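Take a look at the letters that make up each chain.
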Amino acid sequence: DMLSILDIFRVGIGPSSSHTMGPMTAACDFVEGLRDAGLLGLTARVQVDLFGSLALTGKGHATDRAILLGLSGERPHGLDPDAADRLVAHVRAEAALRLAGTQLVPFEEVHDLRFHQRERLPHHSNGMRF
């Protein structure tokens, strides 16, 4: 098997993979976990708290966009940048998102995506809580 440079590096939505690909994957894992546990249809709202480095540089590094995309069921490896831009714009305009692409919930970014710049979670500087 041949290994392509695209197998190693992927085009992301921001300048830092730890601030975009990681949070997007974590958000998608979270909503897929809700779905797998049979809880997605019962979910009325989601809030996300970012801590440490994610909170300090999250908006500049597109962590906010990555979280919205991940909660919507998107993963970094299949992401179409143009579709991602439209999806993020739609979530922000409607103040709602479809968890895992299906369950519509309100999502007011200013209240539901919180940046705790002065707090850190134990064990890692890029902490988040869903």
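Preceding this paragraph is the structure being described.
The model shown is predicted, which means the values in this text are computed figures rather than measured ones.

Caption draft 1: Here's a closer look at the overall build of the chain. Along the backbone of the chain there are six helices and five strands. Going residue by residue from the N terminus, the α and β elements of the chain occur as α-α-β-α-α-α-β-β-α-β-β. Burial analysis of the chain (130 residues in total) assigns 38% to the buried set. Considering only residue pairs separated by 6 or more positions, the chain has 76% of its internal contacts joining residues 24 or more positions apart. Of the roughly 7500 Å² of accessible surface on the chain, 53% is carried by carbon and sulfur atoms.

Caption draft 2: Local environment of helix 4 (residues 63–71). The buried fraction of helix 4 amounts to nine of the nine residues, a majority that puts the element mostly inside the structure. Listed in full, the buried residues belonging to helix 4 are Thr 63, Asp 64, Arg 65, Ala 66, Ile 67, Leu 68, Leu 69, Gly 70 and Leu 71. Backbone geometry just downstream of helix 4 places Gly 73 in the positive-phi region, at approximately 100 degrees.

Caption draft 3: Layout of the nonpolar core. Grouped together as the largest cluster of nonpolar side chains are 25 residues, with contacts concentrated most on Val 48, Leu 50, Ile 67, Leu 71, Leu 97 and Leu 99. Listed by contribution, the elements that provide at least two residues to this core are helix 2 (21–36), strand 1 (48–51), helix 3 (52–57), helix 4, helix 5 (81–94) and strand 2 (96–99). If one sorts the elements of this core by residue count, helix 4 sits on top with five residues. The contact partners of Ile 67, leaving out residues within four places of it in the chain, are Pro 23, Ala 27, Val 48, Leu 50, Leu 113, Met 128 and Phe 130.

About the thresholds
- Residues numbered from 1 in each chain as written.
- Predicted model: local features only at pLDDT ≥ 70, side-chain atom pairs only at ≥ 80, totals over all residues.
- Heavy atoms only, no water.
- Helix = DSSP H or I, 4+ residues; strand = E, 2+ residues; numbered from the N terminus.
- Buried < 20%, exposed > 50% of the residue type's maximum accessible area, 1.4 Å probe, protein only.
- Contact = heavy atoms within 4.5 Å.
- Areas by Shrake-Rupley, 256 points an atom, 1.4 Å probe, with all protein chains shown as cover.
- Core = buried A, V, L, I, M, F, W, Y, C linked by side-chain atoms within 4.5 Å.

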